[in-house]
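# Per-entry structural report
In case you want the letters, here they are:
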Amino acid sequence: MKNLKMKSARAAKGLSQKALADLVGVSRQTIIAIEKGDYNPTINLCVSICKVLDKTLDELFWI
């Protein structure tokens, strides 16, 4: 399932996929895969993404 919530939150912050990847310490391809729903990130990565995007885990990763 695509993660449109994360993609939207990233865009709202004005961050590119590369910028978000750099901030959380992963590759751009990892961010792409998460947004496409092709990769299930670790809880630690989810928390890092949430911190950068000022969102909760519920807001970005749970329905």
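Every residue gets a number counted from 1 within its own chain, in the order that chain's sequence is written. At least 70 in pLDDT is required for a residue's local features to be given in this predicted model, at least 80 for side-chain atom pairs to be given and counted, and no such filter applies to totals for whole chains, interfaces and linings, which use all residues. By convention in this description, side-chain values take in all heavy atoms of the structure and omit both hydrogens and water.

## As for the side chain of Asn3
Note the cut-off: Where helices and strands are cited, they refer to DSSP runs of H or I of at least four residues and of E of at least two residues respectively, numbered from the N terminus. Each residue gets one of three labels from its accessible area relative to the maximum for its type: buried under 20%, exposed over 50%, partly exposed in between, using a 1.4 Å probe on protein chains only. In protein, a polar contact requires one atom able to donate a hydrogen and another able to accept it; more generally it is a pair of N or O atoms within 3.5 Å, and residues adjacent in sequence count only if both atoms are side-chain atoms.
Locating Asn3 in the fold gives a position in the segment before helix 1 (4-12). Exposure remark for Asn3: the relative accessible area of 10% places this residue in the buried category. Of the polar contacts made by the side chain of Asn3, one reaches the backbone oxygen of Leu60; its length is 3.2 Å.

## Describing the nonpolar core
Under the convention used in this document: Buried Ala, Val, Leu, Ile, Met, Phe, Trp, Tyr and Cys residues form a nonpolar core when they are joined through side-chain atoms within 4.5 Å. Here, residues are in contact when the closest pair of their heavy atoms is within 4.5 Å.
In terms of nonpolar packing, the biggest core is built from 15 residues, with Met6, Leu20, Ile31, Ile49, Leu53, Leu60 and Phe61 touching the most fellow members. Going through the elements one at a time, helix 1, helix 2 (17-24), helix 3 (28-36), helix 4 (43-53) and helix 5 (57-61) are the ones with two or more residues in this core. With five residues, the single largest contributor to this core is helix 4. When sequence neighbours within four positions are dropped, the list of residues in contact with Ile31 reads Met6, Gln17, Leu20, Ala21, Val24, Val26 and Ile49.

## Some points on unusual backbone geometry
Positive phi values are uncommon outside glycine, yet Asp54 reaches one of about 55 degrees. Note that Asp54 resides in the loop between helix 4 and helix 5.

## Quick word on the confidence of the model for the protein
Threshold: The predictor attaches a confidence to each residue, and that confidence, scored 0 to 100, is pLDDT.
Mean pLDDT over the protein works out to 95, with 98% of the residues at or above the 70 mark. Across the protein, the element-wise mean pLDDT spans from 93 in helix 5 up to 98 in helix 2.

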